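So you can see what is in the structure, the chains are spelled out below.
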Amino acid sequence: MAGSDIKYTDGGVCAPNGFRAAGTACGIKGTKEKKDLALIVSDVMCSAAAVYTTNKVKGAPLKVTKDNIADGRAIAIICNSGNANTCAPNGEALAGKTCELTAESLGVKAQDIVVCSTGVIGQELSIEPFREGIPELTAGLSYEGSAEAAEAIMTTDTVPKEVAVEFTIDGRLCRIGGIAKGSGMINPNMATMLSFITTDVCISPDVLDRVLKEDVKTSYNQICVDGDTSTNDMTVILANGMAGNDIIDGDGEALDVFRRALSQVTVYLAKRLARDGEGATKLIECRVKGAADDEQARAISKSVIASDLLKAAMFGADANWGRVLCAIGYAPGEFSTENVDVDMSSSAGTVEVCRGSRHKEYSEEEASKILSEEEIIISVDMHQGSGSGVAWGCDLTYDYVKINGDYRS
């Protein structure tokens, strides 16, 4: 019924059949030199699902989007960068008006639009840039427009982030594509900064919602740059069914393939988000095994990569394994810390730094060489069960403070 080969392909959110995208500069960032408005549109109505920040302070667009996709349907995503539309005057009314302008330009219903914002919190946002920019976006929609959209949702990101995969279900070629933004204020809880995912797989809204909520537990929820959970975190997926497979409306082989393909997309983007952390020079991956269960392993791995002290040590190429044990010790849950092993590795080699929760002799010179690479792996064995988990973060550098000390200007 379903193929198992999942391969990377080009095209981002436009890789799946029937999706167009565009990006433009409409002045929200105070200049026409930087793109700040993105649009993703399907040729036909889609099943839709989303996960949102658990921050009690939520951006106005999240509330509007949640209402709009309560029926599990949407056809387009409109997103601005440069202003979060959070704690701002008339925020919900403006988000609603943005949906109306987008719908009018596309010839669809406002209730079928997903609306998102990212940028500075607490500043008023005018509707005028949208009045100007949305017609330009609509005119510029292209089946090759993913890169423009990925650029337009960036704030402090240094690079756009997009990916796509292809696979088969019921003998039909299917694709999933995604773009994401995020560089600072990243400690997701049920979502990431912003991630928009498209697919031409035919799948019911209820199953799509369930799979997305399961997926973020092992992808976006497992990254951390600075411990701050944004007010505007949102991950949205649209599935238009144009691949022509039999509808996936329950468990089975087809859903298993879709689940694996989705994970390949979200994990790729999650790692890109972590690597592009504000001021970061290194990607840190923590792999935990031997935990009581997978949930515990995920909690421990995220606690390690979220530790500011550990992140600072990685910036300095210092194999300070005590900071790993410390972070494990305050991870949520009940477990023993009496028999923990820790290794640190990179493309330059591996160094064993801790055995049985105690120091193991190693060469500081060799360890520094290993930790000077751009991608570092911290491996932890809890020796308590078969649970495993992975999390991704970045080092903490001087530039992080510089960027956030001057963010609004």
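The coordinates are above.
Small disclaimer: the values here were computed from a predicted structure and weren't measured. (Residues numbered from 1 in each chain as written. Predicted model: local features only at pLDDT ≥ 70, side-chain atom pairs only at ≥ 80, totals over all residues. Heavy atoms only, no water.)

**Student:** Outline the overall build of the chain, listing residues and values.
**Tutor:** Along its length, the chain carries 11 helices and 16 strands. The C-alpha radius of gyration of the chain comes to 22 Å, within 12% of the 22 Å expected for a compact globule of 409 residues. Each of the three principal axes of the chain carries a C-alpha extent, and together these read 70 × 55 × 35 Å. When each of the 409 residues of the chain is scored for burial, the buried share is 56%. Pairs at least 24 residues apart make up 81% of the contacts formed inside the chain by residues separated by at least 6 positions. A total accessible area of about 16,300 Å² is found for the chain, and carbon and sulfur atoms account for 46% of it. (Helix = DSSP H or I, 4+ residues; strand = E, 2+ residues; numbered from the N terminus. Rg over C-alpha atoms; globule rule 2.2 N^0.38 Å. Buried < 20%, exposed > 50% of the residue type's maximum accessible area, 1.4 Å probe, protein only. Contact = heavy atoms within 4.5 Å. Areas by Shrake-Rupley, 256 points an atom, 1.4 Å probe, with all protein chains shown as cover.)

**Student:** Give a description of the nonpolar core that names residues and reports values.
**Tutor:** Core analysis: the biggest nonpolar cluster contains 37 residues, and Phe167, Ile169, Ile176, Ile203, Ile248 and Phe258 have the highest contact counts within it. Secondary-structure elements contributing two or more residues to this core are strand E3 (37-52), strand E6 (161-169), strand E7 (172-181), helix H5 (205-215), strand E10 (234-239) and helix H6 (253-275). Counting residues per element, this core draws most heavily on H6, at 11 residues. The next biggest cluster of nonpolar side chains, apart from the first, holds 36 residues, and it includes Ala297, Ile300, Trp321 and Ile328. (Core = buried A, V, L, I, M, F, W, Y, C linked by side-chain atoms within 4.5 Å.)

**Student:** Describe the packing of aromatic side chains, with residues and values.
**Tutor:** Enumeration according to the criterion identifies 2 aromatic pairs in this entry. A ring pair is formed by Tyr8 and Tyr268, whose centres lie 5.8 Å apart and whose planes are at 55°; its orientation type is tilted. Taken together, the residues Tyr8 in strand E1 (residues 7-8) and Tyr268 in helix H6 connect sequence positions 260 residues apart. Seen from their ring centres, Phe315 and Tyr398 are 5.4 Å apart, and the 90° between their planes marks the pair as edge-to-face. Residue Phe315 is located in helix H8 (residues 308-315), and its partner Tyr398 is located in helix H11 (residues 398-405); the two are separated by 83 residues in the primary sequence. Under the relative-accessibility criterion, Tyr398 is labelled exposed at 62%. (Phe/Tyr/Trp six-rings, centres within 6.5 Å; stacked < 30°, edge-to-face > 60°.)

**Student:** Quick rundown of helix H2 (residues 91-106)? Include the residues and the values.
**Tutor:** Helix length check: H2 (16 residues) gives 23 Å between terminal C-alpha atoms against 22 Å at 1.5 Å per residue, within 8%. Looking at the packing, one finds that the buried side of H2 touches E3, helix H1 (60-68), strand E4 (73-83), strand E5 (113-120) and helix H3 (128-140). (Expected span 1.5 Å × (residues − 1).)

**Student:** Which residues make up the packing of H5 against H6, and what values do they have?
**Tutor:** Running from amino to carboxyl end, H5 crosses H6 at an angle of 45°, the nearest separation of the two axes being 10 Å. As far as their axial angle goes, H6 and H5 are oblique. In terms of crossing hand, the pair formed by H5 and H6 is right-handed. In this structure, H5 uses Val207, Leu208, Arg210, Val211, Leu212, Glu214 and Asp215 to contact H6, whose residues at the interface are Leu255, Phe258, Arg259, Leu262, Ser263 and Thr266. Here the contact of H5 with H6 is composed, by residue class, of 7 nonpolar, 2 polar and 4 charged. (Axes fitted to C-alpha atoms, helices over the stretch in contact; angles between N-to-C directions. Parallel < 35°, antiparallel > 145°, perpendicular 65-115°, else oblique. Left-handed = near helix turned anticlockwise from the far one by under 90°. Nonpolar A, V, L, I, M, F, W, Y, C, P; charged D, E, K, R; others polar.)

**Student:** Got a sec to walk through the sheet that holds strand E13 (residues 349-355)? Specific residues and values, please.
**Tutor:** Taken together, 7 strands build an open sheet; the order of strands is E9-E16-E11-E15-E12-E13-E14 and the sheet is mixed. Here the strands that pair on one side only, and so sit at the sheet edges, are strand E9 (223-224) and strand E14 (358-359). Relative to strand E15 (residues 375-381), strand E11 (residues 283-291) is paired through 7 bridges, and the arrangement is parallel. Bridge assignment links Glu285 to a residue of E15, and that residue is Ile377. Lying on the sheet, helix H7 (residues 294-306) is in contact with E9, E11, E15 and strand E16 (387-394); it crosses E16 at an angle near 20°. Strand contacts of helix H9 (residues 321-329): strand E12 (341-346), E13, E14 and E15, with the helix running at about 125° to E12, the strand carrying the most contacts. (Pairing = 2+ DSSP bridges.)

**Student:** Tell me about the state of the cysteines, residues and numbers included.
**Tutor:** As enumerated under the stated definition, the model contains 0 disulfides in all. Not part of a disulfide, Cys14 finds its nearest cysteine sulfur in Cys46, a span of 12 Å. Of all cysteine sulfurs in the structure, the one in Cys202 sits closest to Cys174, which takes part in no disulfide; the separation is 9.7 Å. What makes Cys174 buried here is its relative accessible area of 0%. (Disulfide = S-S within 2.5 Å.)

**Student:** Would you mind going over H7 in detail, with residue names and values included?
**Tutor:** Here H7 contains 13 residues, and its C-alpha end-to-end distance of 18 Å stays within 8% of the 18 Å for a straight helix at 1.5 Å per residue. Looking only at H7, the buried set comprises Gln296, Ala297, Arg298, Ile300, Ser301, Lys302, Ser303, Val304 and Ile305. Regarding H7, its N-cap is Asp293, as a side-chain oxygen of that residue lies 3.3 Å from the backbone nitrogen of Glu295 further along. (Polar contact = N/O pair within 3.5 Å; in protein donor to acceptor, adjacent residues only side chain to side chain.)

**Student:** A description of the packing of H2 against H3 should follow, citing residues and the corresponding values.
**Tutor:** It is at 10 Å that the axes of H2 and H3 come closest, and there the two elements cross at 35°. Relative to H3, H2 is oriented so that their crossing is right-handed. Across the interface between the two elements, Leu94, Lys97, Thr98, Leu101, Thr102, Ser105 and Leu106 of H2 pack against Phe130, Arg131, Ile134, Pro135 and Thr138 of H3. Each residue belonging to the contact of H2 with H3 can be placed in one class, and the counts come to 6 nonpolar, 4 polar and 2 charged.

**Student:** Please give an account of the pairing of strand E8 (residues 194-199) that cites residues and values.
**Tutor:** Counting buried residues along E8, 6 of its 6 residues qualify, which places the element largely inside the surrounding structure. Burial of the side chains of E8 extends over both faces: Leu194, Phe196 and Thr198 are buried on one face and Ser195, Ile197 and Thr199 on the other. The pairing of E7 with E8 spans 6 bridges and is antiparallel. Across the sheet, Gly178 pairs through a bridge with Ile197, a residue of E8.

**Student:** Which residues make up the environment of Gly277, and what are the values?
**Tutor:** Within the element layout of this structure, Gly277 appears in the loop between H6 and E11. Since its relative accessible area comes to 4%, Gly277 is described here as buried. Sequence separation between Gly277 and Gly184 is 93 residues; the distance between their C-alpha atoms is 5.9 Å. Each residue touching Gly277, except ones within four places of it in the same chain, is listed here: Ser183, Val225 and Cys394.

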